[in-house]
Amino acid sequence: MESGFSLRKIIHVDMDAFYASVEQMDNPELKGKPLAVGGGEIRGVVSAASYEARKFGVRSAMSGALAKKRCPDLIFVPPRFDRYREISKKVRAIFYDYTDLVEPLSLDEAYLDVTENKKGNPSATLIAREIRQRILEEVGLTASAGISVNKFIAKVASDYNKPNGQKTVNPEEVPEFLESLEIRKFYGVGKVTAEKMFKLGIFTGQDLKAKSLEFLEAQFGKSGVFYYDVVRGIHRSEVKPNRAPKSVAAERTFSDNLTSEVFMMEKLEKIASELARRLERHQISGKTITLKIKYSDFTLQTRSKTLNYFISDKSLILETARELLYQEKMQNSVRLLGISLANLNTGGDEDKESPDEEKTVSVQLKFDF
Amino acid sequence: MKFIVSSSYLLKQLQILGGVINNSNTLPILDNFLFELSPGKLNVSASDLETTMSAVLDVDTDSDGSIAVPARLLLDTLKTFPEQPLTFVVEDNNTIEISSNHGKYALAYADGAEFPKAVELSDPSSTSMIGDVLATAIGKTIFATGNDDLRPVMSGVFFQFSQEGLTFVSTDAHKLVKYQRNDLEASQVAEFIMPKKPLNLLKGILAGSETEVTIEYNESNAKFSFENTELICRLIDGKYPNYEAVIPKENPNKLSIDRTQFLNSVRRVSIFSNKTTHQIRLKIAGAELNISAEDIDYSNKAEERLSCDYQGDDMQIGFNSRFLTEMLNNLNSDEVSLEMSLPNRAGILMPVDGLDEGEQITMLVMPVMLNN
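None of the values given here were measured: they were computed from a predicted structure.

Visitor: Describe in detail the overall build of chain A, supporting the description with residues and values.
Guide: The helix and strand inventory of chain A stands at 13 helices and 13 strands. Within the span of chain A, comprising 369 residues, buried residues form 44% of the whole. Long-range pairs, those at least 24 residues apart, make up 63% of the contacts in chain A between residues at least 6 apart in sequence. As presented, chain A carries roughly 19000 Å² of accessible surface, and 48% of it is formed by carbon and sulfur atoms.

Visitor: Any chance you could break down the overall build of chain B for me, citing the residues and the numbers?
Guide: Along its length, chain B carries 6 helices and 27 strands. Looking at chain B residue by residue over its 372 residues, the buried ones come to 54%. By element, 47% of the accessible surface of chain B is carried by carbon and sulfur atoms, the whole surface being about 17000 Å².

Visitor: So what's going on with the UniProt feature "binding site: Mg(2+)" (unreviewed entry) in chain A? Residues and values would help.
Guide: Residue and element names in this part refer to chain A. Under the UniProt annotation, "binding site: Mg(2+)" (unreviewed entry) lies at Asp14 and Asp108. Across 95 residues in sequence, these annotated residues keep their C-alpha atoms within 5.9 Å of one another, forming a single compact spot. Tracing the backbone through its elements, the reader meets Asp14 in strand β1 (residues 10–15). Taking relative accessible area as the criterion, Asp14 reaches 11% and is therefore assigned buried. Once residues within four sequence positions are removed from consideration, Asp14 is found in contact with Asp108, Glu109, Ala143, Ser144, Ser158 and Lys162. By secondary structure assignment, the location of Asp108 is in the loop between β5 (102–106) and β6 (109–113). In this view, Asp108 contacts Val13, Asp14, Met15 and Phe18; residues no more than four positions away in its chain are not counted.

Visitor: I'd like to hear about a nonpolar patch on the surface, residue by residue, with values.
Guide: Taken together, A:Val262, A:Tyr326 and B:Leu150 make up a surface patch of nonpolar side chains, about 290 Å² in accessible area. The topology assignment puts B:Leu150 in the loop between α3 (131–141) and β11 (157–161). On the basis of relative accessibility, which here comes to 59%, the residue B:Leu150 falls in the exposed class.

Visitor: Please provide a residue-by-residue account of the nonpolar core, values included.
Guide: By size, the foremost hydrophobic cluster in this structure holds 97 residues, and its most contacted members are B:Phe33, B:Phe35, B:Phe224 and B:Phe262. Ranked by the residues each element gives to this core, the list is headed by α3(B), at 5 residues. Grouped together as the second largest cluster of nonpolar side chains are 33 residues, A:Phe18, A:Leu30, A:Val77 and A:Phe95 included.

Visitor: Tell me about the packing of helix α12 (residues 261–282) of chain A against helix α13 (residues 314–326) of chain A, and name the residues and values.
Guide: Residues and elements named next belong to chain A. At their nearest, the axes of α12 and α13 sit 9 Å apart, and the two run at 140 degrees to each other. The interaxial crossing formed by α12 with α13 has right-handed handedness. Of the residues in α13, those touching α12 at Glu261, Val262, Met264, Met265, Leu268, Glu269, Ala272, Ser273, Leu275, Ala276 and Leu279 are Lys314, Ile317, Leu318, Ala321, Arg322, Leu325 and Tyr326. Taken together, the residues of the contact of α12 with α13 sort by class into 13 nonpolar, 1 polar and 4 charged.

Visitor: Can you tell me about the interface of chain B and chain A, naming the residues and giving the values?
Guide: Contact residues are listed per partner, giving 28 residues for chain B and 14 residues for chain A. Between chain B and chain A, the buried area comes to about 1800 Å², and carbon and sulfur atoms account for 63% of it. At the junction of chain B and chain A, the tally comes to 0 salt bridges. Where chain B meets chain A, there are 4 residue pairs in polar contact (both at pLDDT 80 or more). Elements represented by at least two residues in the side of chain B that touches chain A include exactly β13 (175–181) and β27 (368–371) of chain B. Considering every element that reaches the side of chain B that touches chain A, the biggest residue donor is β27(B), with 4 residues. Across the side of chain B that touches chain A, the residue classes break down as 16 nonpolar, 9 polar and 3 charged.

Visitor: Tell me what's going on with the pattern of salt bridges, and back it up with residues and numbers.
Guide: Residue and element names in this part refer to chain A. Enumeration over the complete set of coordinates arrives at 37 salt bridges over all chains. The salt bridge involving Lys162 is made with Asp16; its shortest N-O contact spans 2.6 Å. Of this pair, Lys162 sits in the loop between α6 (151–158) and β8 (166–168) while Asp16 sits in the loop between β1 and α1 (18–26), and the two are 146 residues apart along the sequence. The exposure class of Asp16 is buried, given its relative accessible area of 2%.

Visitor: So what's going on with the UniProt feature "active site" (unreviewed entry) in chain A? Which residues, and what values?
Guide: This chain's UniProt record puts "active site" (unreviewed entry) on A:Glu109. By secondary structure assignment, the location of A:Glu109 is in strand β6.

Visitor: Could you give an account of the pairing of strand β6 (residues 85–90) of chain B, naming the residues involved and the relevant values?
Guide: Residues and elements named next belong to chain B. Pairing of strand β1 (residues 2–6) with β6, which is carried by 5 bridges, proceeds in the antiparallel orientation. Directly across from Ile4, in β6, lies its bridge partner Thr87. By the bridge criterion, 4 bridges tie β6 to strand β7 (residues 95–99) in an arrangement that is antiparallel. For Phe88, the partnering residue across the bridge sits in β7 and is Ile98. Remark: 4 residues form the turn of the hairpin made by β6 and β7, two consecutive strands paired antiparallel; Asn94 in that turn has positive phi of roughly 60 degrees.

Visitor: Break down the packing of α1(A) against helix α4 (residues 81–96) of chain A for me, with residues and values.
Guide: Residues and elements named next belong to chain A. Relative orientation of the contacting elements α1 and α4 amounts to 95 degrees, with a least axis distance of 10 Å. Here α1 is positioned roughly perpendicular relative to α4, judged by the angle of their axes. Seen from α1, the contacting residues are Phe18, Tyr19, Val22, Glu23, Met25 and Asp26; seen from α4, they are Phe81, Arg83, Tyr84, Ile87 and Ser88. Class assignment for the residues of the contact of α1 with α4 results in 7 nonpolar, 1 polar and 3 charged.

Visitor: Talk me through the confidence of the model for chain B; I want residue IDs and the actual numbers.
Guide: When the pLDDT values of chain B are averaged, the result is 92; 99% of them are 70 or greater. Reported for the predicted complex are a pTM of 0.56 and an ipTM of 0.79.

Visitor: Please give an account of the sheet that holds β6(A) that cites residues and values.
Guide: Residues and elements named next belong to chain A. In space, the 5 strands of this open sheet follow the order β5-β6-β1-β7-β8, with mixed pairing throughout. Across the chains shown, the open sheet's two edge strands, defined by having one partner strand only, are β5 and β8. On average, adjacent strands in this sheet sit at an angle of 15 degrees to one another, irrespective of strand direction. Two elements, β5 and β6, share 4 bridges in a ladder whose sense is antiparallel. The residue bridging Val102 from the neighbouring strand is Leu112, located in β6.

Visitor: Mind laying out the packing of aromatic side chains, listing which residues take part and the relevant values?
Guide: Residues and elements named next belong to chain B. Enumeration according to the criterion identifies 25 aromatic pairs over all chains in this entry. Arranged with centres 6.3 Å apart and planes meeting at 75 degrees, the rings of Phe161 and Phe168 form a pair that is edge-to-face. One exposure class covers both Phe161 and Phe168, and it is buried. An angle of 80 degrees between the planes, with centres 5.6 Å apart, marks the rings of Phe161 and Phe192 as edge-to-face. Pair noted here: Phe161 is in strand β11 and Phe192 is in strand β14 (residues 190–194), with a separation of 31 residues, a long-range link. Accessibility expressed as a relative area gives 1% for Phe161, which makes it buried.

The rules we used
- Residues numbered from 1 in each chain as written.
- Chains lettered and ligands numbered in written order.
- Predicted model: local features only at pLDDT ≥ 70, side-chain atom pairs only at ≥ 80, totals over all residues.
- Heavy atoms only, no water.
- Helix = DSSP H or I, 4+ residues; strand = E, 2+ residues; numbered from the N terminus.
- Buried < 20%, exposed > 50% of the residue type's maximum accessible area, 1.4 Å probe, protein only.
- Contact = heavy atoms within 4.5 Å.
- Areas by Shrake-Rupley, 256 points an atom, 1.4 Å probe, with all protein chains shown as cover.
- UniProt positions renumbered as here; feature names shortened; annotations may be inferred.
- Patch = residues over 30% accessible without salt bridge, like charges linked within 9 Å, V, L, I, M, F, W, Y side chains within 5 Å.
- Salt bridge = Lys/Arg side-chain N within 4 Å of Asp/Glu carboxyl O.
- Core = buried A, V, L, I, M, F, W, Y, C linked by side-chain atoms within 4.5 Å.
- Axes fitted to C-alpha atoms, helices over the stretch in contact; angles between N-to-C directions.
- Left-handed = near helix turned anticlockwise from the far one by under 90°.
- Nonpolar A, V, L, I, M, F, W, Y, C, P; charged D, E, K, R; others polar.
- Buried area = accessible area lost by both parts, 1.4 Å probe.
- Polar contact = N/O pair within 3.5 Å; in protein donor to acceptor, adjacent residues only side chain to side chain.
- Pairing = 2+ DSSP bridges.
- Parallel < 35°, antiparallel > 145°, perpendicular 65-115°, else oblique.
- pLDDT = per-residue confidence, 0-100.
- Phe/Tyr/Trp six-rings, centres within 6.5 Å; stacked < 30°, edge-to-face > 60°.

Next up, the structure:
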């Protein structure tokens with residue numbers, strides 16, 4: 001291990017098939033049945049699948065149609081995000097009993113830094129066990145956990161004994177653990193990177209460790225440095241409580257592909273209201289608006305524009321989105337539209353505005369019909 | 001077929017009906033008045049297919065028949081006559097001959113059967129009100145209707161009838177007017193959207209009139225009958241936006257001010273506003289209202305101060321001066337109140353005085369976001 005780095009004790013807690021488990025808990029009839037939470041079998045996308053469904057090869061982000069093909073008995077349930085949020089809150093409350101250093105990744109995962117914890121318990125393994133037990137007793141759901149010296153290894157480890165299990169990688173086991181790890185399991189290595197690694201003869205952590213920093217940098221650029229460090233057990237990212245979102249987005253897939261911008265504007269208005277609602281909930285605004293267009297042939301196009309002031313209002317978002325929509329001709333009929341707002345005012349670079357931004361901008365607001 | 005009628009009486013009726021006729025018609029027959037004669041009566045109709053208006057005139061005749069007479073030609077001729085009896089005789093050669101004290105005029109006519117038939121209202125519900133009340137309701141709302149072809153429902157006035165009262169609503173998504181009469185009632189709950197054109201015609205005819213207007217309606221058409229006149233029109237199809245949802249309930253900041261003073265200030269200051277946004281800024285602190293505008297492109301700037309009654313937090317809000325002017329202009333009260341919550345929420349403008357018993361007017365205007 002690198003010197004000059006005090007060893008941390010990090011736990012990664014991951015709820016097992018969270019959305020699907022919540023649905024099964026709330027509706028006992030669904031227990032033990034293959035279940036997919038998502039927008040339905042025609043054009044929807046599975047956002048979570050129960051373990052019963054996973055056995056058939058149903059995965060999240062899979063199209064509803066394919067999921068149904070793989071598992072004909074699959075039951076589709078519409079998502080109830082408010083309910084998931086409510087439960088997620090309860091789970092987080094348990095985390096905060098142990099430490100304030102909680103970094104939620106999503107509704108169903110979080111990193112906890114328990115190096116110093118409120119219970120004074122020196123064993124992260126025991127804390128993880130206790131937390132999982134309490135989640136089961138107080139919330140009624142199972143969770144898995146990974147325990148190790150940094151976020152990266154904790155995250156990989158939490159997948160090891162899933163569902164309803166945990167895995168500790170002690171400091172002395174770290175090098176061996178990483179060396180034997182399949183390259184696909186490295187967090188941050190997706191399908192594309194994995195294929196590239198395979199071509200370079202990298203299949204396990206050991207293979208990766210054998211490569212020089214220069215080689216990895218040449219092949220993978222900036223990420224090369226990350227891979228080089230990470231396989232040596234170095235991951236300096238701290239557990240950041242209340243991690244601020246980098247962007248806020250809303251999108252919609254249509255039941256029929258759209259060909260006319262006029263109809264798209266109608267949809268964009270709805271999407272913009274949803275986005276504005278989310279922005280209001282988080283009390284943030286941003287400068288960069290991106291219009292995401294997925295065509296009927298699944299090719300993706302994004303068009304973005306950066307304004308020199310922060311916006312969060314629906315009319316302003318819609319105004320810019322409209323400009324982006326008409327900026328260029330559509331290449332095909334459109335299956336999905338989305339608007340996202342990045343360059344948020346949470347970054348702390350708000351005061352870096354140049355003087356020419358004094359220009360007043362006024363927008364006539366509309367009733368939200 | 002022959003009838004005798006007073007020239008000014010006929011002209012007056014035809015001028016009213018002529019409002020229905022479009023300047024350019026795809027169907028040439030619509031450039032005509034339909035004359036339907038029966039003993040002692042002449043029924044004249046004009047139509048643009050959407051709206052048909054007809055009036056029954058007392059004339060001296062004992063014949064029957066139906067012909068379509070060119071509207072423009074007839075009106076132009078009638079306008080020039082001093083009051084006198086005119087004799088209309090339908091000749092065999094498809095012309096109608098008019099004899100006056102001055103001479104004879106022949107117009108080609110078409111067969112009355114070619115003229116489109118007005119729809120019959122099947123199974124209508126009905127209510128009635130004084131003509132002037134209807135004209136006022138139209139006048140208070142019609143200016144706030146929209147012109148967006150994509151939202152045709154907003155191009156009309158929304159009529160909401162119930163046992164509790166009659167409500168008329170219009171909006172173009174930027175401003176909204178809700179005009180209520182709680183002193184009137186309808187036999188049945190009904191909602192329909194009236195297009196602008198027939199409403200403008202009705203407003204013109206009925207302003208100041210004490211006659212009773214009967215309104216009959218079903219899902220697709222409405223009929224307004226009064227005195228010797230009937231107007232039937234097609235309703236706008238579609239669902240009216242849920243306007244109640246956009247009326248803010250909590251408005252802690254209440255401004256009350258002399259309407260004429262406010263209107264005059266807004267008008268003056270708006271001359272200096274940006275020519276595309278027409279944006280003016282209201283800054284309210286204590287009992288002082290500061291109205292300002294600027295057009296940076298031309299370095300034009302104006303500012304006025306008015307004293308007012310104000311309860312609430314100091315605030316700044318931007319409005320399109322055109323909307324504000326139109327709305328203030330449409331009210332007759334000496335004093336108005338403007339209720340607000342936040343600079344990005346609608347302001348509610350209401351008259352403080354001068355309302356009839358049972359009359360209620362609520363106007364909403366969305367602000368222009370001030371960005372700096």
